[in-house]
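Now for the letters of each chain:
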Amino acid sequence: MADRDDVVGYDGPAGGWGSVKGMSKVLAKERNRPAALAQLARQNKPKGFMCTSCAWGKPAEPHPFEFCENGAKATLWDLTPNRCTPEFFAKHSVTELKTWKDFDLEHVGRLTHPLRYDHATDHYIECSWDEAFAAIGAELRAIDPKKAIFYASGRASLETSYLYALFARLYGHNNLPDSSNMCHETTSVALKKTIGAPVGTSILDDFEHCDAMFFFGQNTGSNSPRFLHPLRDAVKRGCKVVTFNPVKEPGLVAFTDPQNPFEMATRSETKISCQYHQVKPGGDVAVMIGLAKHVLAAEDKSWAEHKVHVLDVDFIEQHTTGFAEFEAMVRATDWADIERESGLSRADIEAAGQVYVEADRTIGIYGMGLTQQVNGFDNVATYVNLLLMKGNIGRVGTGMSPVRGHSNVQGQRTVGISEKPELVPMDRLRELFDFEPPMDHGHNTVTACEDLLKGEIDAFLSLGGNFLRAIPDLERIEAAWPSMRLTVQIATKLNRSHLINGKVAYLLPCLVRTEVDKQAGGEQIVTIEDTFSHIHGSIATHEPASEHLKSEVAIVAGIAKATLDPHPKVDWDGWTGDYAKVRKLIEATYPEEFHDFEERMFTPGGFYRGNSARERVWKTESGKAEFTVPRSLSGTDIPDAPGRLRLVTLRSNDQFNTTIYGYDDRFRGISGTRDVVLMNPKEIEKAGLHKGQVVTIVGDSDDGIDRRVAGLKVVPFDLPDGCIAGYYPELNPLVPLNWHDHGSQTPAAKAVPVRIVA
Ligand SMILES: Nc1nc2c(c(=O)[nH]1)N[C@H]1C(S)=C(S)[C@@H](COP(=O)(O)OP(=O)(O)OC[C@H]3O[C@@H](n4cnc5c(=O)[nH]c(N)nc54)[C@H](O)[C@@H]3O)O[C@H]1N2
Ligand SMILES: Nc1nc2c(c(=O)[nH]1)N[C@H]1C(S)=C(S)[C@@H](COP(=O)(O)OP(=O)(O)OC[C@H]3O[C@@H](n4cnc5c(=O)[nH]c(N)nc54)[C@H](O)[C@@H]3O)O[C@H]1N2
Ligand SMILES: [Mo]
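Thresholds applied
Chains are numbered independently. Their residues run from 1 in the order of the written sequence. Labels follow written order: the first chain is A, the first ligand is 1, and so on. Residues qualify for local features only when their pLDDT is at least 70, as the model is predicted, and side-chain atom pairs are given and counted only at 80 or more; totals for whole chains, interfaces and linings, by contrast, use all residues. By convention in this description, side-chain values take in all heavy atoms of the structure and omit both hydrogens and water. Here a residue is considered near a molecule or strand provided that any single heavy atom belonging to it is located within 4 Å of it. As used in this structure description, the phrase polar contact means that two N or O atoms lie within 3.5 Å; if the pair is within protein, one of them must be able to donate a hydrogen and the other to accept it, and residues adjacent in sequence are counted only when both atoms belong to side chains. Each accessible area is a Shrake-Rupley estimate made with a 1.4 Å probe; only the visible protein chains count as cover when residues are assessed. In DSSP terms, a helix is any run of H or I states spanning at least four residues, a strand is any run of E spanning at least two, and both are numbered starting from the N terminus. Each residue is assigned to one class: nonpolar for Ala, Val, Leu, Ile, Met, Phe, Trp, Tyr, Cys and Pro, charged for Asp, Glu, Lys and Arg, and polar for all the others, Gly among them. An automatic or database domain assignment provides the domain bounds reported here. In the cavity and pocket records, a cavity denotes points on a 1 Å grid over the protein atoms alone where a 1.4 Å probe fits but cannot get out, a pocket denotes an open set with protein on both sides within 12 Å along at least 5 of 7 lines, and lining residues are residues with an atom within 4 Å of a point. Grid points are joined across faces, edges and corners, and a volume is the space filled by probe spheres set on the points. Within this scheme, the nonpolar core is defined by two criteria: the residues are buried Ala, Val, Leu, Ile, Met, Phe, Trp, Tyr or Cys, and they are joined through side-chain atoms within 4.5 Å. The rule is simple: take the accessible area with a 1.4 Å probe, protein chains only, and divide by the maximum for that residue type; under 20% is buried, over 50% is exposed, in between is partly exposed. For two strands to pair, DSSP has to find at least two bridges joining them. Structural elements are reduced to axes, namely lines fitted to C-alpha atoms, with helices fitted over the stretch in contact, and the angle between N-to-C directions of any two is expressed from 0 to 180 degrees. Any helix carries an expected span of 1.5 Å times its number of residues minus one. This arc is built from the directions going out from the helix axis to the C-beta atoms. Contacts are assigned to residue pairs with any non-hydrogen atoms lying within 4.5 Å of each other.

An unreviewed UniProt entry annotates the protein chain as Formate dehydrogenase originating from Sphingomonas hankookensis.

**Student:** Please clarify how the site of ligand 1 should be interpreted in this entry.
**Tutor:** Close contacts around ligand 1 come from 31 residues, with Asn245, Glu249, Asp284, Gln655 and Asn657 the closest. One of the side-chain nitrogen or oxygen atoms of arginine 651 is found 2.8 Å away from an oxygen atom of ligand 1. In the environment of ligand 1, a nitrogen atom lies 2.6 Å from a nitrogen or oxygen atom belonging to the backbone of glutamine 655. Expressed as a share of its isolated accessible area of 910 Å², the protein-covered part of ligand 1 is 99%. Going through the elements one at a time, helix 10 (220-223), helix 18 (368-371), strand 24 (645-650) and strand 25 (655-656) are the ones with two or more residues in the shell around ligand 1. Residues belonging to the shell around ligand 1 are distributed by class as follows: 12 nonpolar, 15 polar and four charged. Taken domain by domain, the makeup of the shell around ligand 1 includes at least three residues from each of domain 3 (185-406) and domain 4 (645-757).

**Student:** I tried to follow the domain arrangement of the protein chain on my own but got confused; where do I start?
**Tutor:** Where interface size is quoted, it is often the accessible area lost as the parts come together. Structurally, the protein chain comprises domain 1 (2-78), domain 2 (83-180 + 408-603), domain 3 (185-406) and domain 4 (645-757). Centre-to-centre separation of domain 1 and domain 4, based on C-alpha positions: 26 Å.

**Student:** Could you clarify how one ought to interpret empty space enclosed by the protein in this entry?
**Tutor:** A water-sized probe rolled over the atoms picks out the places where empty space is left. Evaluation of the coordinates by the stated rule reveals four cavities of 30 Å³ or more. For the second largest cavity, the lining is made up of 15 residues, of which Pro46, Met50, His536, Thr603 and Gly605 are closest to its centre. Taken together, the residues of the lining of the second largest cavity break down into six nonpolar, six polar and three charged. For the lining of the second largest cavity, the two domains that each supply at least three residues are domain 1 (2-78) and domain 2 (83-180 + 408-603).

**Student:** Help me understand the nonpolar core in this model?
**Tutor:** Generally speaking, nonpolar side chains in soluble globular proteins are found buried as a group. Ranked by internal contacts, the top residues of the largest apolar core, which has 61 residues, are Leu140, Tyr162, Phe167, Ile559 and Trp572. Counting residues per element, this core draws most heavily on helix 8 (residues 158-171), which supplies 10 residues. Residues Val189, Leu191, Phe244 and Trp335 belong to the second largest nonpolar core, which totals 56 residues.

**Student:** What is the right way to look at the sheet that holds strand 13 (residues 362-366) in this model?
**Tutor:** Strand pairing in a sheet relies on backbone hydrogen bonds. The paired strands run either parallel or antiparallel. In spatial order, the strands read 11-8-7-13-14; together these five strands make up an open sheet with parallel pairing. The sheet is open, and its two borders are formed by strand 11 (275-277) and strand 14 (399-402), each paired with just one other strand. Taken over all neighbouring pairs, the strand axes of this sheet differ in orientation by 15 degrees on average, direction set aside. As paired elements, strand 8 (residues 240-244) and strand 11 share three bridges and run parallel to each other. Along strand 11, the bridge assignment pairs threonine 243 with tyrosine 276.

**Student:** Help me out: how do you make sense of the pairing of strand 29 (residues 676-679) in this one?
**Tutor:** Within a regular beta strand, the side chains point alternately toward one face of the sheet and then the other, so they alternate between its two faces. Residue alternation in strand 29 divides its side chains into two sets, Val676 and Leu678 and Val677 and Met679, and both sets are buried. In terms of strand pairing, strand 29 meets strand 31 (residues 708-716) through four bridges, oriented parallel. What sits directly across from valine 676, in strand 31, is lysine 713.

**Student:** What am I meant to see in helix 7 (residues 129-142) here?
**Tutor:** Because the α-helix completes a turn every 3.6 residues, residues three or four places apart line up on one side. Over its 14 residues, helix 7 runs 20 Å from end to end, which matches the ideal 20 Å to within 8%, given 1.5 Å per residue. Inspection of helix 7 places Trp129, Ala132, Phe133, Ile136, Gly137, Glu139 and Leu140 among the buried residues, and these make up the whole buried set. Projected onto a plane normal to the axis of helix 7, the buried residues spread over an arc of 165 degrees and lie on a single side. Across helix 7 from its buried face, at more than 90 degrees, point the exposed residues Asp130 and Ala142. Structurally, helix 7 contributes buried residues whose contacts are with helix 8, strand 15 (459-463), strand 16 (486-491), strand 17 (504-509) and helix 25 (552-563).

Structure, rendered in structure tokens:
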């Protein structure tokens, strides 16, 4: 049997020499490409370009190198010298390419020419842009707009996103799912309902003033590494960090600043979390109710003994509703139930609760560990309850801080990519463009897939992304995909989604954010919004990968123009020629947030578009911040049973979503393969397995559908009992489409019920 010493893991700090080695490896490969390397010095700087990796904030006073290992990888990945040309496609049929791995597909390099899929030969062949636009336009005109889906991955600029959403509405639908539907949709729904603002309330500055930070299910070291700096600084000035995560993530354990020669030379590290609790997957509501219970106990004691409140009673009284119901639920909940559902001891939860009680100012941080759960809404809403108890929203140094993923995913929602018409200022659109916008709810990711399975979708346009790898139940949806009349992919690199095609299919290559975008009106600037609702201009200086590329704005406008009847208020060519005109439209549609857009877009640190909840103005149904009562303590809809395990799908630090940079997960000590299942030694023994054994994971949901992934190597890993972990997207076939958050329909990629067979 495996013993503890076999357990794989990384015991060094995040950052530090590991990160320097990681970075050196990345840079060494690029030493003959000074133009690409020179881009790194411009990354995330005012008047530079905004990184296409994560959405973390860009400080007004950046570090000399305001990029991390992953940001560098993302930039250099975009600027690869490799090319995926028509000659490449002449050599390889699409059927052959379907057998390639994600890594190998993207590794071919940048797409260089517009391509049409030829069913007769099963190859992609070069076509002209005019042909592509005309054919796509003709197809879209022939179908019912309600049966078309316009997907977006969260990278495209505010300018492109605004036009894409406008195109959908002029055409006649709100079917605008974006990657956010698989990500922080839970946030958009739960924060909107409880505090009236669908995004985080904290800004970068708050991290300099908080006394405590709580982390639930966010992996800082891999997924938002630039956060490690403010995090380390906060700890150094005495801020306490408490983490709840089934996996010991090194970035939340300790950090050495790779840009600090002293720390590097002395190998000194800063311990980040003062408490690290390995909660059971799906156990977070139970934890938070336990924390709330401790706060109430502290309140009772403090009031009885000193007539001093622990709760912010004035805030609760003036600003909130529903506290009494929540309090009653918390008091009525037994510790035994909390311990069982969270997998943690009462003493551990109380110790964490005490940090919260003692802190005057707390920030609540979270990521996919809370949002991608069947009880995701309750996770976020219960977290809000906890913050509201002590008035931790709407004061400096406090707030809710969901860490967003894609570099402009939040911005896309801000400028109209939303399937929910009530979140879009339709009156302004009606006025500006003199048309009747569709007011019915559009498809989100889950309902789009459901209709696809029923054969009720005719067209799918994809503005970036890799939909067929990112979604749950992907094998079933792949099988239904070719029944569609039209599929269009706007992309930079080849991926699996480009290999499953509708009857008419185009693959259209676009510029990346670092590449010069020359239009009739000269070189263009684009803008993005970071996780703290700050808007930044981004200037490109690198030579495009191919002279045949078009910008995303030009492609969206080209398709729109070919689809829609001419309209005096709609000027696709003019907007493409000068993106400042699109920014004017954004400003006219959202005047409160985007006034003086053109003048403010290079404000160092970005300009803040504001957040009502931060001002304690509550745009909720009740006009107050709302306490809510969770449906249940449990994070699963399927009861635990012998042999049933909760699967967590994870990212490595060598991937960006479905883009696989390599096979090293430095932080978790796994290298050479992603086909692994991580299990704790006790579970390995219990299942009668051994380290290195190759196993199959099968789905254990109750819908009778066979789901399985074979060929996974057992790796002993420090995890709570009853759960296993492995990589996204390899394990996506195990996530049922109907396994999603009740409140927002965000697919629940964490705590998925499965079994292991040898
Ligand atoms: N390098 C890199 N950076 C990225 C990305 C990438 O793929 N690679 N992706 C980007 C995108 S789009 C996004 S959305 C973000 C995602 O960034 P994160 O929000 O960090 O997402 P994940 O890595 O999926 O999972 C987060 C953490 O949740 C923990 N977790 C799992 N289940 C539970 C649970 O039940 N409870 C708790 N408390 N924790 C749990 C996992 O152990 C993991 O540490 O990162 C962005 N940045
Ligand atoms: N099991 C499981 N599933 C998950 C998750 C999970 O944690 N577990 N996470 C979910 C989350 S948080 C997200 S955000 C989704 C991600 O889903 P997506 O956003 O759809 O996927 P990505 O992998 O980010 O998309 C990568 C592709 O985008 C294209 N691309 C890259 N840059 C550009 C560009 O500048 N323009 C254009 N047009 N195209 C570009 C390239 O062709 C590349 O292959 O996956 C979700 N799926
Ligand atoms: Mo995401």
